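Structural overview for review
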Amino acid sequence: MMSLSPFTVFAAITLASCSLVSGFNLGTAFGVPKLTQNPSLLKFTEDQSGTLLNIRMDIGATVNDEKKTSNNGDFSPASRFAITGLEVQLQEKDADAYPHPKMPGVDGPHPELSSGARALKLLQFGSFISMNGLEQVELENGCWEMVWREDAPAGSLVCGFDLLHEAKRNDASLTPGKVYMTFPIWTEEGLAEAQDIKKEKEAIFKKHLDEKDLQLEMMQETSNVLMKALHYRNAAAAAEKMWMTDLKTIKMVPSNDEVIHLEKNGLLLTTKGLVWRKEEKATFKPADHTLLGTAIISNPV
């Protein structure tokens, strides 16, 4: 497995509100004040009571699914496996009635941004196909929380579990311990705002990309050494402006077909999130997190 640091773009969007990873932070990008809880957080949380989610975990998957070879640092297909059929129900009551994993929001550096750990009912274990046939993944002591900063366009829905036994297929494995899944959650207005900013940045990025390509083409065509140097400098300047648009970060804002509507309060839940873990005695600081793969939520049932 690998550190989250190569995936700060996606992870920071996914874990934005409670700053679970380093890198891009929705609060900073959209000029949001820090360390104040969304006034609607508790209502948002209570409204999710009874929500059922069917989750597929792709263990060993990187954020970008294409170009997976063992030579470029990504996982090879042999080191991936899918866990399907995990079904959970979000509940309103506190999770204090039973032992459960510590959570990155309420037990992390900014507990004031968390709804607190809530009970999560496991309706069906996930399963996968191994050389031994169909195997169940025994996740226990589930809980969940919502973390959201005031005025931030997105919050985070985080689920935590204890994995009792190793789940292994070829070179990919989940070892016993704490396993977390995190998904961005938006208001309709917040997502629309983020999508508008994304669209603007994409247009700016394309403008600088076209300029860079033009300058490189002109550099290739001229035989004048001084002009080559000038075009190269112009291309480098355009490339720097491309980088300054921060498109690699903002492009992770989901499109409308990458979210599902939560009926009770009109919130939008991003269907793609992260599966990650930390060691028992580790903190919730970014350096202590390990990315395990991705998680996909189907429509609530």
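What counts and what doesn't
Residues numbered from 1 in each chain as written. Predicted model: local features only at pLDDT ≥ 70, side-chain atom pairs only at ≥ 80, totals over all residues. Heavy atoms only, no water. Helix = DSSP H or I, 4+ residues; strand = E, 2+ residues; numbered from the N terminus. Buried < 20%, exposed > 50% of the residue type's maximum accessible area, 1.4 Å probe, protein only. Contact = heavy atoms within 4.5 Å. Areas by Shrake-Rupley, 256 points an atom, 1.4 Å probe, with all protein chains shown as cover. pLDDT = per-residue confidence, 0-100. Core = buried A, V, L, I, M, F, W, Y, C linked by side-chain atoms within 4.5 Å. Pairing = 2+ DSSP bridges. Expected span 1.5 Å × (residues − 1). Disulfide = S-S within 2.5 Å. Phe/Tyr/Trp six-rings, centres within 6.5 Å; stacked < 30°, edge-to-face > 60°. Axes fitted to C-alpha atoms, helices over the stretch in contact; angles between N-to-C directions. Parallel < 35°, antiparallel > 145°, perpendicular 65-115°, else oblique. Left-handed = near helix turned anticlockwise from the far one by under 90°. Nonpolar A, V, L, I, M, F, W, Y, C, P; charged D, E, K, R; others polar. Salt bridge = Lys/Arg side-chain N within 4 Å of Asp/Glu carboxyl O.

1. Looking at the overall build of the protein chain
Counting its secondary structure elements, the protein chain contains six helices and 15 strands. Across the 301 residues of the protein chain, 48% fall into the buried class. For the protein chain, contacts bridging at least 24 residues in sequence account for 71% of all contacts bridging at least 6. For the protein chain, the accessible surface area stands at approximately 14500 Å², while carbon and sulfur atoms represent 51% of it.

2. Quick look at the confidence of the model for the protein chain
Of the residues in the protein chain, 81% have a pLDDT of 70 or more, and the chain-wide mean is 82. Across residues 1–33, where pLDDT falls below 50, the model places 103 contacts with residues more than four positions away in sequence or in other chains. Contacts of residues 63–77 to residues separated by more than four positions or lying in other chains number 28 contacts, the stretch itself having pLDDT below 50.

3. Here we look at the nonpolar core
In this structure, Ile55, Met57, Met181 and Leu269 are the most contacted members of the largest nonpolar core, which totals 38 residues. Considering each element in turn, this core owes the most residues, five residues, to strand β3 (residues 81–94). Not counting chain neighbours up to four residues away, the residues in contact with leucine 269 comprise Leu53, Leu157, Phe183, Pro184, Ile185, Glu258, Val259, Ile260, Leu262 and Ile297. Counting residues in each nonpolar core, the second largest holds 10 residues, with Ala95, Ala117, Tyr180 and Trp276 among its members.

4. Description of the pairing of strand β14 (residues 272–277)
Burial runs high along β14: five of the six residues are buried. Where strand β11 (residues 177–186) lies against β14, three bridges are found, and the strand directions are antiparallel. Bridge pairing in β14 places methionine 181 opposite valine 275.

5. Structural notes on helix α4 (residues 188–221)
In an α-helix, one full turn covers 3.6 residues, which means residues spaced three or four apart are oriented alike. With 34 residues, α4 should cover 50 Å at 1.5 Å per step; its first-to-last C-alpha distance of 49 Å lies within 8% of that length. Turning to α4, its buried residues number three or more, namely Gly190, Leu191, Ala194, Lys198, His208, Gln215 and Met219. Along its buried surface, α4 packs onto β11, α5 (225–244), α6 (247–250), β12 (259–262) and β13 (267–270).

6. Concerning the state of the cysteines
Counted according to the given criterion, the structure contains zero disulfides. Note on cysteine 159: no disulfide assigned, nearest cysteine sulfur contributed by cysteine 143 at a separation of 8.2 Å. Owing to a relative accessible area of 1%, cysteine 159 belongs among the buried residues under this scheme.

7. Here we look at the packing of aromatic side chains
Applying the stated rule across the entire model yields three aromatic pairs. A ring pair is formed by phenylalanine 81 and phenylalanine 128, whose centres lie 4.9 Å apart and whose planes are at 55°; its orientation type is tilted. Of this pair, phenylalanine 81 sits in strand β3 while phenylalanine 128 sits in strand β5 (residues 126–130); the two residues are 47 residues apart in sequence, bridging distant segments of the chain. By the burial criterion, phenylalanine 81 is buried, and phenylalanine 128 matches it. With a centroid separation of 4.7 Å and 20° between ring planes, the pair formed by tyrosine 180 and tryptophan 276 is classed as stacked. Taken together, the residues tyrosine 180 in strand β11 and tryptophan 276 in strand β14 connect sequence positions 96 residues apart. Accessibility assignment for this pair places tyrosine 180 and tryptophan 276 in one class, buried.

8. A short note on the packing of α4 against α5
Between α4 and α5, whose axes approach to 8 Å, the crossing angle comes to 165°. The orientation of α4 relative to α5 falls into the category roughly antiparallel. Our pair here, α4 against α5, has a crossing hand that is left-handed. Mapping the contact onto sequence places Phe205, His208, Leu209, Glu211, Lys212, Gln215, Leu216, Met218, Met219 and Gln220 in α4 and Lys228, His231, Tyr232, Asn234, Ala235, Ala238, Ala239, Lys241 and Met242 in α5. Residues belonging to the contact of α4 with α5 are distributed by class as follows: 10 nonpolar, five polar and four charged.

9. Focus: the pattern of salt bridges
Per the stated rule, a full pass over the model turns up five salt bridges. With a closest N to O distance of 2.5 Å, lysine 178 and aspartate 162 form a salt bridge. One end of the pair, lysine 178, is in strand β11; the other, aspartate 162, is in strand β8 (residues 154–163), with 16 residues separating them in the sequence. For the pair formed by lysine 178 and aspartate 162, the shared burial category is buried.

10. Quick look at unusual backbone geometry
One non-glycine residue, asparagine 141, lies in positive phi territory at about 55°. Within the fold, asparagine 141 resides in strand β7 (residues 139–147). We classify asparagine 141 as partly exposed; its relative accessible area is 27%. Positioned with a positive phi, aspartate 151 is a non-glycine residue whose angle comes to about 70°. For aspartate 151, the position within the fold is in the loop between β7 and β8.

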